[in-house]
Amino acid sequence: MPKPGKDEVLVKISAVSLNYRDTEVVNGLYNYYDKPGEPKRSLVPTSDMCGIVVATGDNSTWKVGDHVVSTFLQSHLTGQANPQHLATGLGKPLDGVLQTYRVFPNTGLVRAPAHLSDEEASCLPIAAVTAWMAINGMEPMGKTRGDGETVVLQGTGGVSISGLQIAKASGARTIITSSSDEKLQKAKALGADHVVNYRTNPHWEEEVMRITRNGGAGVIVETGGAETLYKSLDCIAFGGLISCIGYVSGREDKAETRPNLNLLALRRTVTLKGIINGPRDRFEEMCCFYEKHQIRPVVDCVFGFTKVDEAFRYLASGSHFGKVVIKVQ
């Protein structure tokens, strides 16, 4: 059993949620921050967990019995992320949380919202915080946007569903896209104001413009990448925010001729912002918002600890709506 040192705690891990990033890590595809010539090593994957503090080291700010969730970048406490913060990412480069016990620094944890189950709370560190920053990251601490605005969410994975819940609680009009009518009906049940099937309506950007009476969306949570970014640029409002958080439709643009990105951003004075999660203080801010509005993350499916391989395959299949969780103990 590991023992916590000074400024550390030992956590008994109850539940772990999976992210798209985790599938890339286990398949050797998440190499964006690898250093040339750096030797490969075995790694405990995943970054998002909920658990209970079972032992504390000297000078601990936690007590035994506290319910806690992990932060993704363990040293990212406030402000803009930098390369030093990226070096403390759970699940790569640091060993992750798919284990029964793990030692964390005091500052690498946040108190779990009291109204959430362990499975629900485990969904917060990447999906919910990324969605929070995608919508509110450009705002000062304590201020949220969305009231009176239109927010577009792409797909029905963990980040987009978290974004839907956050945007609705903030008073925004929400539009969500998916290739599945069944998932779109689930999104409507969660409060989505408008849904668009991008398989049957591939020009979904035109539908966004129709819904907004050609005003465009104030915020677009851009998860698609190659196949969606240029459509987002065609339906963003003047002065709007496109938060780039994923590339599930591909990493490379097609070779076809299209206007330069500079021109497209200038055309509507767009802010294009890349999101790598968020700092600890904004995580705590988000948890307060979740408690105030009693938001509960959507858990699609829970797998046992002996079914980890099935959980990863299920996530990779794209069949999920919301989050995939592994019950550790």
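Use the structure listed above.
Because the structure is predicted, anything quoted here is derived from the model rather than measured. (Residues numbered from 1 in each chain as written. Predicted model: local features only at pLDDT ≥ 70, side-chain atom pairs only at ≥ 80, totals over all residues. Heavy atoms only, no water.)

Caption draft 1: Quick peek at the nonpolar core. Residues Leu124, Ile176, Phe283, Met286 and Tyr290 are the most contacted members of the largest nonpolar core, which totals 38 residues. Counting residues per element, the ones that place at least two in this core are helix H4 (124-136), strand E6 (150-154), helix H5 (158-169), helix H6 (181-190), strand E9 (217-222) and helix H10 (280-293). Here this core takes nine residues from H4, the largest share from any one element. Residues contacting Tyr290, with those up to four places away along its chain left out, are His115, Leu124, Ala128, Ser162, Ile166, Ile295 and Pro297. (Core = buried A, V, L, I, M, F, W, Y, C linked by side-chain atoms within 4.5 Å. Buried < 20%, exposed > 50% of the residue type's maximum accessible area, 1.4 Å probe, protein only. Helix = DSSP H or I, 4+ residues; strand = E, 2+ residues; numbered from the N terminus. Contact = heavy atoms within 4.5 Å.)

Caption draft 2: Layout of the layout of surface pockets. The calculated volume of the second largest pocket comes to roughly 670 Å³. Tyr33, Asp34, Glu38, Lys92 and Pro93 are the residues nearest the centre of the second largest pocket, which is lined by 25 residues in total. For the lining of the second largest pocket, the secondary structure elements donating two or more residues are helix H1 (20-26) and helix H2 (83-86). The leading source of residues in the lining of the second largest pocket is H1, at three residues. (1 Å grid on protein atoms, 1.4 Å probe; cavity = no way out; pocket = protein on both sides within 12 Å on 5 of 7 lines; lining within 4 Å. Points joined across faces, edges and corners; volume = space filled by probe spheres on them.)

Caption draft 3: Up close: H5. In this model H5 runs 17 Å from its N-terminal to its C-terminal C-alpha over 12 residues, within 8% of the 16 Å that 1.5 Å per residue would give. Most of H5 is tucked away, with 10 of its 12 residues classed as buried. Looking at H5, one finds that the buried residues are Gly158, Val159, Ser160, Ile161, Ser162, Gly163, Leu164, Gln165, Ile166 and Ala167. (Expected span 1.5 Å × (residues − 1).)

Caption draft 4: Looking closely at a nonpolar patch on the surface. Taken together, the side chains of Tyr32, Tyr33 and Ile276 make up a nonpolar region of the molecular surface, amounting to roughly 290 Å² of accessible area. Examined against the element boundaries, Tyr33 turns out to sit in the loop between H1 and strand E2 (48-56). (Patch = residues over 30% accessible without salt bridge, like charges linked within 9 Å, V, L, I, M, F, W, Y side chains within 5 Å. Areas by Shrake-Rupley, 256 points an atom, 1.4 Å probe, with all protein chains shown as cover. Salt bridge = Lys/Arg side-chain N within 4 Å of Asp/Glu carboxyl O.)

Caption draft 5: Spatial organisation of H6. Among the residues making up H6, those that are buried are Lys183, Leu184 and Ala187. Buried residues along H6 cover an arc of 100° about the axis, so they all sit on one side. Relative to its buried face, H6 has exposed residues pointing more than 90 degrees away, namely Glu182, Gln185 and Ala189. At its buried positions, H6 is contacted by H5, strand E7 (173-178) and strand E8 (194-197). Near the N-terminus of H6, the side chain that reaches the backbone nitrogen of Glu182, with its oxygen 3.3 Å away, is that of Ser180. (Arc of directions from axis to C-beta. Polar contact = N/O pair within 3.5 Å; in protein donor to acceptor, adjacent residues only side chain to side chain.)

Caption draft 6: Geometry of the sheet that holds E7. Across the sheet, six strands lie side by side as E8-E7-E6-E9-E10-E11; this open sheet has parallel pairing. This sheet does not close on itself; its edge strands, each paired only once, are E8 and strand E11 (271-274). Each strand axis lies, on average, 15° off the axis of its neighbour in the sheet, ignoring direction. Here E6 runs beside E7; their pairing, made up of five bridges, is parallel. Looking across to E7, one finds that Gln154 is bridged to Thr177. H4 rests against E6, E9 and strand E10 (236-244) of the sheet, and its axis sits at about 150° to E9. (Pairing = 2+ DSSP bridges. Axes fitted to C-alpha atoms, helices over the stretch in contact; angles between N-to-C directions.)

Caption draft 7: Summary view of unusual backbone geometry. Cis rather than trans, the peptide bond between Lys92 and Pro93 has omega equal to 5°. Located in the positive-phi region is Asp7, a residue other than glycine, with phi close to 65°. Within the secondary structure, Asp7 sits in the segment before strand E1 (8-17). Its identity as a non-glycine residue notwithstanding, Thr46 has a phi of 75°, on the positive side. Its location among the elements puts Thr46 in the loop between H1 and E2.

Caption draft 8: Inspection of the side chain of Ser17 at higher detail. Following the sequence through the fold, Ser17 ends up in strand E1. For Ser17, a relative accessible area of 0% corresponds to the buried category. A polar atom in the side chain of Ser17 sits 2.7 Å from the backbone oxygen of Ser122. If we ignore the near neighbours within four places in the chain, the residues touching Ser17 are Asp22, Asp48, Ser122, Cys123, Lys323, Val324 and Val325.

Caption draft 9: Summary view of empty space enclosed by the protein. Taken as a whole and assessed by the stated rule, the structure comprises one cavity of 30 Å³ or more. Considering only enclosed or pocket space, the largest cavity measures out at about 50 Å³ in volume. Lining the largest cavity we find Cys123, Leu124, Ala128, Gly158, Ile161, Ser162, Gln165, Tyr290, Pro297, Val298, Gly322 and Lys323. Of all elements in the fold, only H4 and H5 reach the threshold of two or more residues within the lining of the largest cavity. For the lining of the largest cavity, a count of residues per class yields seven nonpolar, four polar and one charged. (Nonpolar A, V, L, I, M, F, W, Y, C, P; charged D, E, K, R; others polar.)

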